Amino acid sequence: DTALARLQPADTVVVAPQIPGPEGGDTLAEFERRLAALAGLLRDALRCQVVLVTPPPGRSGLPPGAPDPVRPWAEAVLRVADAYGLTVADLFTACHTRPAVPPVADGRLTAAGRELAAETLARTLAGGR
């Protein structure tokens, strides 16, 4: 495939999948299958390290104990990584455990969230997870 050829030669490919909203029509199972197919293709065809990035939380300021609507999608990314032996940059957990400033506002990463995403990815690539 021409698009795949543009990635060569690559030592590392980072995949931060977009989480479809309700209007996207994707089910969690369809998302997970598509991500698994992409991850397997990249790993096998390019023979490089593939790093999957979990999505950030759906929104900041959820009451303690309230389920985050993005958690199932983050868990799907982790399952795919586990199944293929891939590295994960776990932005979802980092957003829930690290920042004092909300990393997400109106469904988008804030400046603090983008900094945390860059830091999480850099730490993962350096092996410090």
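To be clear, the structure that these remarks concern was listed above.
All figures in this text were calculated on a predicted structure; none of them were measured in a lab. (Residues numbered from 1 in each chain as written. Predicted model: local features only at pLDDT ≥ 70, side-chain atom pairs only at ≥ 80, totals over all residues. Heavy atoms only, no water.)

Q: It is not clear to me how the overall build of the protein should be interpreted in this structure. Could you clarify?
A: Scanning the protein from N- to C-terminus turns up five helices and five strands. Starting at the N terminus, the α and β elements of the protein follow one another as α-β-α-β-α-β-α-β-β-α. Across the protein, the fraction of contacts at a sequence separation of at least 24, relative to all contacts at a separation of at least 6, is 69%. (Helix = DSSP H or I, 4+ residues; strand = E, 2+ residues; numbered from the N terminus. Contact = heavy atoms within 4.5 Å.)

Q: How do you make sense of the nonpolar core when you look at a structure like this?
A: Within soluble globular proteins, side chains that are nonpolar tend to cluster in buried spots. With 22 residues, the main nonpolar core has Val13, Val15, Leu35, Val50 and Leu52 as its most contacted residues. Looking at this core, the elements with two or more residues in it are strand E1 (12–15), helix H2 (28–46), strand E2 (49–53) and helix H3 (71–84). In this structure, Val51, Ala89, Leu91 and Leu116 belong to the second largest nonpolar core, which totals seven residues. (Core = buried A, V, L, I, M, F, W, Y, C linked by side-chain atoms within 4.5 Å. Buried < 20%, exposed > 50% of the residue type's maximum accessible area, 1.4 Å probe, protein only.)

Q: I keep staring at the side chain of Thr54 and nothing clicks. Help me out?
A: Its location among the elements puts Thr54 in the loop between E2 and H3. At 2.8 Å, the side chain of Thr54 and the side chain of Asp90 are in polar contact. Every residue in contact with Thr54, bar those within four places of it in the chain, is listed here: Ala74, Val77, Leu78, Val88, Ala89, Asp90, Leu91 and Phe92. (Polar contact = N/O pair within 3.5 Å; in protein donor to acceptor, adjacent residues only side chain to side chain.)

Q: Is there a simple way to think about the layout of surface pockets in this case?
A: To locate leftover empty space, one rolls a probe as large as a water molecule over the atoms. When its volume is computed, the largest pocket comes out at roughly 550 Å³. In terms of lining, the largest pocket is formed by 22 residues, of which the most central are Ile19, Pro55, Pro56, Pro57 and Gly107. Taken together, the residues of the lining of the largest pocket break down into 15 nonpolar, five polar and two charged. (1 Å grid on protein atoms, 1.4 Å probe; cavity = no way out; pocket = protein on both sides within 12 Å on 5 of 7 lines; lining within 4 Å. Points joined across faces, edges and corners; volume = space filled by probe spheres on them. Nonpolar A, V, L, I, M, F, W, Y, C, P; charged D, E, K, R; others polar.)

Q: Before we go on, may I ask you to explain the pairing of E2 in this structure?
A: When a strand is regular, its side chains alternate between the sheet's two faces. Taking burial as the measure, the five residues of E2 include four buried ones, the bulk of the element. Alignment of E1 against E2, held across four bridges, turns out to be parallel. Each bridged residue has a counterpart across the sheet, and for Thr12 the counterpart in E2 is Gln49. In the sheet, E2 pairs with strand E3 (residues 87–89) via three bridges, with the strands oriented parallel. Each bridged residue has a counterpart across the sheet, and for Val53 the counterpart in E3 is Ala89. (Pairing = 2+ DSSP bridges.)

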